[in-house]
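Residues per chain are reported as follows:
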Amino acid sequence: MPATSLDTIVSLCKRRGFVFPSSSVYGGLGSTWDYGPLGVELKNNVKRAWWRSVVHERDDMEGLDAAILMNRLVWKYSGHEATFSDPMTDCRACKTRPRADHVFAAQKGRDPKGLPEINAAIEAKELVCPKCGSKDLTPARPFNLMFRTSVGPVDSGDDSGLVYMRPETAQGIFVNFGNVLDTMRRKLPFGIAQVGKAFRNEITPGNFTFRTREFEQMEIEYFVRPGEDEAAHESWIAERTNWYLKLGMRKENLRVREQEKHELAHYAKRCVDLEYRFPMGWSELEGIANRTDFDLKAHSRSPENPDAVGELKYFDQEQKKHLVPYVIEPSAGADRATLAFLCDAYEDALVKEPPVEETAKLRDLVESFAKSVGRREGLAVEVKQRLVSTAEVIAAGLPGTLPQLIGLMEDSDAAAIEVMKKVRGVGEKIAEEHTRTVLHLHPRLAPLTVAVFPLKRNDPRLVEMARGLKRDLQRSGVRAVYDDTGAIGKLYRRQDEIGTPWCVTVDFQSLEDQTVTVRDRDNMQQERLKATELASTIGGRLA
Ligand code: GAP
């Protein structure tokens, strides 16, 4: 049973060292997250898999790592200073500042066509404050999302040292177009790829690492001759979709959505979103836009841009003339992709049935939980309905629904109901003994590839051989750890929960014939392999 709520993923991430709330010793900073020991391995693997696929495995791509801080003029001429904003309205009654386009969409059932339509609805008192219900809303105003800072030791207060924290990595690529073209002697079509941090002062960050103010992008700008842009766009849509699928993402959880005209960014002729079915619903994973020649022209010297030092153009040998290439931009989020792979890989599975009496006791408690939800004051009606129907389904289906119960026990709304403490008291123990949580991550993405255990930690011969195997694996480039802190069954469960594809056990037979047991995370089957062939066999499975 896959994760049905983001709370389940958040809980696993905190418990097992994938992601922690940032600055938690000072109470945290809203919507900022730190990747822990396993999270950094996973996210690095996602970025590595992306780089390998879009740079190393192709002949038409180059890489780049541009600075985060750029000349302010980049953002003036890219259009971000003027247009990179969200429309905000102020509620005069409760003094909150909601996003006006979200209020419009939630209350009218469709996206607005622009600021004038939102403001007409506010003026006609058709929209209400989502917090207090008042119709006393101010006209919506654009709120720029770029973080500002200043360079130099003195802040003169006049914006002379103003710079922005880049809100997209793309501009670093555009302004380096000429440098890459000249130094690498590229011919069209070719692309430039970059992975790096981006910053946006998002009004409504949330959903864990899905929308944050500091995040990482994996962006490609692919330059083509005008007229060849539409075919290139189609080919990148297919290429990027396949990348997620090849790394194990389930087809039914990935879809392609055409952006409507009014959704398009100021630079885009067409944009297609790859969306993932997150626990909170279908949401954007990656945007693939046709940015035309907008950016290269915007950063070229012209009557509209007297500040640029030259022109970003290409000399076409075949046509013997200069042209400004069109650009296809597949723009993915490293954090979003990591979150999507985690959600997709997550499974709680029943591995054996608990005794009938234990199941009956748990069923009674879950039923009593469902009844007390109705009596609880201060919970929204939809939350109550969701909790009651989930609990009823679980109670009726136990023990088969134990995996769903794990989700309910981690649900932050359910925690507000007193009886949940008793449900957890009994349920967690039963779940611990009869279910397993598995992350079915693609082996290339898993934070650890192999965990090596000695059958007995107090036998120095087993320990020495296991430690040696771990070192050999690591030397051959396979990420491996040694662990002897529990019984083998418990160690398997721990590794399943963090997605380690293979566990290797060194036992007494290993000392005699130099073979080891290799246990597969997904089907739990075991095979015996020669210790000397382990690294090459695992390496082969990763290739
Ligand atoms: N250069 C184009 C561009 O930046 P975008 O759709 O705004 O386009 C591209 O962003 C990708 O960056 C998104 O599909 C998403 O994966 C990621 N992204 C954007 N804003 C984000 C945020 N606040 N938090 C996490 N990821 C974000």
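To be clear, the structure that these remarks concern was listed above.
Quick caveat: nothing in here was measured; it's all calculated off a predicted structure.

A word on the environment of Glu527
Then step 1. Relative to the helices and strands, Glu527 resides in strand β22 (residues 526–530).
Then step 2. The partly exposed category is assigned to Glu527, whose relative accessible area is 33%.
Then step 3. Counting along the chain gives 405 residues from Glu527 to Ile122, while the straight-line C-alpha distance between them is 67 Å.
Then step 4. Beyond its immediate chain neighbours, meaning those up to four positions away, Glu527 contacts Val516, Thr517, Val518 and Arg541.
Then step 5. In this structure the side chain of Glu527 is engaged in a polar contact, spanning 3.0 Å, whose partner is the side chain of Arg541.

Some words on the packing of aromatic side chains
Then step 1. Here the structure, examined in full by the defined rule, presents twelve aromatic pairs.
Then step 2. Judged by centre distance (4.9 Å) and plane angle (80°), the rings of Trp243 and Tyr244 are edge-to-face. Tyr244 carries the same exposure label as Trp243, and that label is buried.
Then step 3. An aromatic cluster of at least three residues, connected via ring pairs, comprises Phe177, Phe190 and Phe223.
Then step 4. The ring of Tyr492 has Arg519 sitting right over it, with the charged end atom 4.4 Å from the ring centre.

Thoughts on the site of the ligand
Then step 1. Around the ligand sit 21 residues, and of these Glu168, Arg200, Thr212, Glu219 and Glu284 come closest.
Then step 2. For the ligand, a nitrogen atom lies 2.6 Å from a polar atom in the side chain of Glu168.
Then step 3. In this structure, a nitrogen atom belonging to the ligand sits 2.8 Å away from a side-chain N or O atom of Glu202.
Then step 4. For the ligand, the accessible surface in isolation is 550 Å², of which the surrounding protein chains cover 90%.

Notes on the nonpolar core
Generally speaking, nonpolar side chains in soluble globular proteins are found buried as a group.
Then step 1. Core analysis: the biggest nonpolar cluster contains 89 residues, and Tyr244, Phe341 and Phe369 have the highest contact counts within it.
Then step 2. Every residue in contact with Tyr244, bar those within four places of it in the chain, is listed here: Met249, Leu254, Leu274, Leu285, Glu286, Ala332, Ala337 and Phe341.
Then step 3. One finds Val452, Leu462, Val463 and Tyr482 within the second-largest nonpolar core, a separate group that totals 21 residues.

Considering the sheet that holds strand β3 (residues 61–64)
Then step 1. Strand order in the open sheet formed by seven strands is β3-β8-β9-β15-β12-β11-β10, with mixed pairing between adjacent strands. In this open sheet, the two strands that pair with only one neighbour each are β3 and β10 (254–258). Each strand axis lies, on average, 25° off the axis of its neighbour in the sheet, ignoring direction.
Then step 2. Pairing geometry for β3 and strand β8 (residues 190–199), over four bridges, is parallel. Bridge assignment links Met61 to a residue of β8, and that residue is Gly191.
Then step 3. Together, β3, β8 and β9 (214–224) form the strand contacts of helix α2 (residues 37–56), whose direction differs from that of β8 by roughly 160°.

A closer look at the pattern of salt bridges
Then step 1. Applying the stated criterion across every chain yields a total of 53 salt bridges.
Then step 2. Salt-bridge contacts for Arg16 lead to Glu497; the nearest nitrogen and oxygen are separated by 3.1 Å. With Arg16 in the loop between α1 (6–15) and β1 (19–21) and Glu497 in helix α17 (residues 488–498), this pair connects stretches of sequence that are 481 residues apart.
Then step 3. Residue classification places Glu497 among the buried positions, given a relative accessible area of 13%.
Then step 4. Arg291 serves as the salt-bridge partner of Glu329, at 2.7 Å between the closest nitrogen and oxygen. With Glu329 in strand β15 (residues 326–333) and Arg291 in strand β12 (residues 281–292), this pair connects stretches of sequence that are 38 residues apart. With respect to class, Glu329 is no different from Arg291; both count as buried.
Then step 5. Put simply, Arg255, Arg257, Glu263, Asp273 and Glu275 are held in one network by salt bridges that share partners.

Let's talk about the packing of helix α14 (residues 402–409) against helix α15 (residues 419–434)
Then step 1. Running from N to C, α14 and α15 point in directions that differ by 135°, and their axes come no closer than 10 Å. One way to sum up the angle between α14 and α15 is to call them oblique. Once α14 is placed against α15, the crossing between them reads as left-handed. The residues of α15 that touch α14, namely those facing Leu402, Leu405, Ile406, Leu408 and Met409, are Met420, Val423, Arg424, Gly427, Glu428, Ile430, Ala431 and His434.
Then step 2. Across the contact of α14 with α15, the residue classes break down as nine nonpolar, two polar and two charged.

The rules we used
Residues numbered from 1 in each chain as written. Predicted model: local features only at pLDDT ≥ 70, side-chain atom pairs only at ≥ 80, totals over all residues. Heavy atoms only, no water. Helix = DSSP H or I, 4+ residues; strand = E, 2+ residues; numbered from the N terminus. Buried < 20%, exposed > 50% of the residue type's maximum accessible area, 1.4 Å probe, protein only. Contact = heavy atoms within 4.5 Å. Polar contact = N/O pair within 3.5 Å; in protein donor to acceptor, adjacent residues only side chain to side chain. Phe/Tyr/Trp six-rings, centres within 6.5 Å; stacked < 30°, edge-to-face > 60°. Lys NZ or Arg CZ within 6 Å of the ring centre and 35° of its normal. Near = heavy atom within 4 Å. Areas by Shrake-Rupley, 256 points an atom, 1.4 Å probe, with all protein chains shown as cover. Core = buried A, V, L, I, M, F, W, Y, C linked by side-chain atoms within 4.5 Å. Pairing = 2+ DSSP bridges. Axes fitted to C-alpha atoms, helices over the stretch in contact; angles between N-to-C directions. Salt bridge = Lys/Arg side-chain N within 4 Å of Asp/Glu carboxyl O. Parallel < 35°, antiparallel > 145°, perpendicular 65-115°, else oblique. Left-handed = near helix turned anticlockwise from the far one by under 90°. Nonpolar A, V, L, I, M, F, W, Y, C, P; charged D, E, K, R; others polar.

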